[in-house]
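Analysis of the macromolecular model
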Amino acid sequence: MILHRYFARRFLMTFLGVLAVFFLIMVFLDLVEQSRRYASAEAGLRDLLALTLLNIPRAIYEILPLIMILAAIALFLGLARSSELVVTRAAGRSALRAMAAPLTVGLLIGVVAVAVLNPIVAATSKEYEARGGALRGNASVLSIGSSGLWLRQGASDEQTVIRAAGANLDGTVLTDVTFLTFTPDVGPARRVNAASAVLTQGAWVLRDAKVWTFGGTLTPEAGAVTLATMRIASTLTPDQIRDSFGTPSSIPIWQLPAFIDRLREAGFSAQRHLVWLHSEIAQPVFLMAMVMIGASFTIRHQRGGRTGLAVMTAIVLAFVIYFIRNFAQVLGENGQLPAALAAWAPPLAAMALSLGILLHNEDG
């Protein structure tokens, strides 16, 4: 147990060191990127620094597998260089048993990342998008809640809030819909209820609509008008509505199952969010696979120039597996693979591959 605690402490300190280096590098790079992106928005240094700090957790979370494999390579190269692995093997410990502590630490880091860092990334990403949208002059136009689907559209002289009980996959066909129009001078100016609304170029086309007008001499119900069809001008586009869902990473993993249920109840496809949920649950296993890949090429005696080749091979293999994982997620989002298969197959295959390499190096 003393040896396992030693290896675990070494790996944790190595991981934190690599993480700190990447954090500093990405802060400076992202600050430059934010300065370029919002150069025309008259954003001050304080705004740019706030955007950078809000964007860094997401960036760190995305490159966590890279940080993990670099930490694993640094650990096992250090142990090999100091001959500690030789002493460990001479004491009767195999390479697989020596990996137990780093693998456990990698698993715990993955669990903490999913359980704690994921909600932090979701919160900071949402705030980043809100502040960035405010600086650019646009914001999200869609929200999905327990009471239905909500949209917002506006012009210089009025704002309209839209609520619908259901919608098609891209949000261009709404059912059981209500339009509430507000003006700066009057406040609530008009309410329209309709059985359905279809978004065409520049307008919503309503069917079986009833219109109430506020602010007149008659009561709203006395002046209500029923129309078979009606058009309401709109500046929304299908792309705006679709983009307003945001990325699944902007939703905390603890709230993601309920959000998937609300998407399905509203009539939208939840495949993208379902694949993301499975991928997040599989994240600790994927980080363990990165540790095993790093160890499979470096947990051996150093033999001159072959060390550099081994390190390069491990990093290239990690990038290939990372690409395969992302490609499988795309296939899962498109419905060509089941969500569980798209999320779990790459990390499990990576673990099997690295385990095979380790056994081959150990036993020949």
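Description of the structure in this document. The structure presented is a predicted model; accordingly, all values stated were derived computationally and were not measured. (Residues numbered from 1 in each chain as written. Predicted model: local features only at pLDDT ≥ 70, side-chain atom pairs only at ≥ 80, totals over all residues. Heavy atoms only, no water.)

Turning our eyes to something else, we now look at the overall build of the protein chain. Along the protein chain, the regular secondary structure elements total 12 helices and seven strands. Within the span of the protein chain, comprising 364 residues, buried residues form 43% of the whole. Taking contacts inside the protein chain between residues at least 6 apart in sequence as the whole, the part at least 24 apart equals 63%. For the protein chain, the accessible surface area stands at approximately 18500 Å², while carbon and sulfur atoms represent 64% of it. (Helix = DSSP H or I, 4+ residues; strand = E, 2+ residues; numbered from the N terminus. Buried < 20%, exposed > 50% of the residue type's maximum accessible area, 1.4 Å probe, protein only. Contact = heavy atoms within 4.5 Å. Areas by Shrake-Rupley, 256 points an atom, 1.4 Å probe, with all protein chains shown as cover.)

Quick look at the nonpolar core now. By size, the foremost hydrophobic cluster in this structure holds 65 residues, and its most contacted members are Phe11, Met68, Phe76, Met99 and Met290. Element by element, the count of residues in this core is highest for helix H3 (residues 64–81), at 12 residues. Core analysis: the second largest hydrophobic core is formed by 20 residues, Leu149, Ala164, Ala167 and Leu206 among them. (Core = buried A, V, L, I, M, F, W, Y, C linked by side-chain atoms within 4.5 Å.)

A few words now on the environment of Thr313. Here Thr313 lies in helix H11 (residues 306–333). Given a relative accessible area of 33%, Thr313 falls into the partly exposed group. Separated by 19 residues in sequence, Thr313 and Gly294 place their C-alpha atoms 9.3 Å apart. A distance of 2.7 Å separates the side chain of Thr313 from the backbone oxygen of Leu309, its partner in a polar contact. (Polar contact = N/O pair within 3.5 Å; in protein donor to acceptor, adjacent residues only side chain to side chain.)

Further remarks concern the packing of H3 against helix H10 (residues 283–298). In the contact formed by H3 and H10, the axes pass within 8 Å of each other and the chain directions differ by 35°. Where H3 crosses over H10, the two elements pack in a sense that is right-handed. Where H3 approaches H10, its residues Leu64, Pro65, Met68, Ile69, Ala72, Ile73, Phe76, Leu77 and Ala80 are matched on the opposing element by Gln283, Phe286, Leu287, Met290, Val291, Ile293, Gly294, Ala295 and Thr298. (Axes fitted to C-alpha atoms, helices over the stretch in contact; angles between N-to-C directions. Left-handed = near helix turned anticlockwise from the far one by under 90°.)

Turning our attention to helix H1 (residues 2–37). In this model H1 runs 51 Å from its N-terminal to its C-terminal C-alpha over 36 residues, within 8% of the 52 Å that 1.5 Å per residue would give. Along H1, the residues that are buried comprise Phe7, Ala8, Phe11, Thr14, Phe15, Val18, Phe22, Met26, Val27, Asp30 and Gln34. (Expected span 1.5 Å × (residues − 1).)

The next thing to look at is the packing of H1 against helix H2 (residues 45–62). Axis separation between H1 and H2 bottoms out at 9 Å; the angle between their running directions is 135°. With respect to each other, H1 and H2 are oriented oblique. In the packing of H1 onto H2, the handedness of the crossing is right-handed. In contact with Leu19, Phe22, Phe23, Met26, Val27, Asp30, Leu31, Gln34 and Ser35 of H1, H2 contributes Leu48, Leu49, Leu51, Thr52, Asn55, Ile56, Ala59 and Ile60. The residue makeup of the contact of H1 with H2, split by class, is 12 nonpolar, four polar and one charged. (Parallel < 35°, antiparallel > 145°, perpendicular 65-115°, else oblique. Nonpolar A, V, L, I, M, F, W, Y, C, P; charged D, E, K, R; others polar.)

Okay, the side chain of Thr52 next. Checked against the element boundaries, Thr52 lands in helix H2. On the basis of relative accessibility, which here comes to 0%, the residue Thr52 falls in the buried class. Reaching out from Thr52, the side chain makes a polar contact with the backbone oxygen of Leu48 at a distance of 2.9 Å. With sequence-adjacent residues up to four places away left out, Thr52 is seen in contact with Val27, Asp30, Leu31 and Gln34.

Here the focus is the pattern of salt bridges. Enumeration according to the criterion identifies five salt bridges in this entry. Residues joined by salt bridges that share partners form a network here, namely Glu33, Arg36 and Arg37. (Salt bridge = Lys/Arg side-chain N within 4 Å of Asp/Glu carboxyl O.)

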